[in-house]
Amino acid sequence: MHLSGDADNIAHLRLHRVSPPEIEEIFRNEPLDLEYDLEAGEERYKSLGATSRGRVLIVVWTVRSARIRPITAYTASKSIE
């Protein structure tokens, strides 16, 4: 699996206290797809998954240039878990 992101993207993830390695773990651990949306002509997905340490996250992502690009990620609330 290949992730893409730039400095601004990674900084946005850090605002939510999520690291790129955690995003990679979510996708390795086979997340549950929750939603699909088309925003400004781009497919966006929302997935629920757990890191190897058991942290449950929501990840909003897209595919660009055959790579997964996280848009945002945050800790799942109890109502989602």
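Since the model is a prediction, treat every value here as computed from it, not as a measurement. Counting starts from 1 at the beginning of each chain's written sequence and moves along it residue by residue. Confidence filtering applies because this is a predicted model: local features only for residues at pLDDT of at least 70, side-chain atom pairs given and counted only at 80 or more, and all residues used for totals across whole chains, interfaces and linings. Side-chain calculation: all heavy atoms of the structure are included, whereas hydrogens and water are not.

### Considerations on the overall build of the protein
Reasoning step 1: Helix and strand counts for the protein come out as 2 helices and 4 strands.
Reasoning step 2: Along the chain direction, N to C, the helices and strands of the protein fall in the order α-α-β-β-β-β.
Reasoning step 3: Seen through its C-alpha atoms, the protein measures out along the principal axes to roughly 30 × 25 × 25 Å.
Reasoning step 4: When a residue's accessible area, from a 1.4 Å probe over protein chains only, is under 20% of the maximum for its type it is buried; when over 50% it is exposed; and in between it is partly exposed. Expressed as a percentage of the 81 residues in the protein, the buried residues total 33%.
Reasoning step 5: Restricting the contact set of the protein to residue pairs at least 6 apart, pairs at least 24 apart contribute 42%.
Reasoning step 6: Using the Shrake-Rupley algorithm and a 1.4 Å probe, accessible areas are obtained, with residue cover drawn only from the displayed protein chains. When the accessible area of the protein is evaluated, it comes to approximately 5300 Å², of which 50% is carbon and sulfur surface.
Reasoning step 7: When charges are counted, neither His nor the chain ends are considered; positive counts come from Lys and Arg and negative counts from Asp and Glu. By convention, the point assigned to a charge is CZ for Arg, NZ for Lys, CD for Glu and CG for Asp. If you average the places of the 11 positive and of the 13 negative side-chain charges in the protein, the two averages end up 7 Å apart. To qualify as a helix, a DSSP run of H or I must reach at least 4 residues; to qualify as a strand, a run of E must reach at least 2; elements of each kind are numbered from the N terminus. Two residues form a contact once any of their heavy atoms are found within 4.5 Å.

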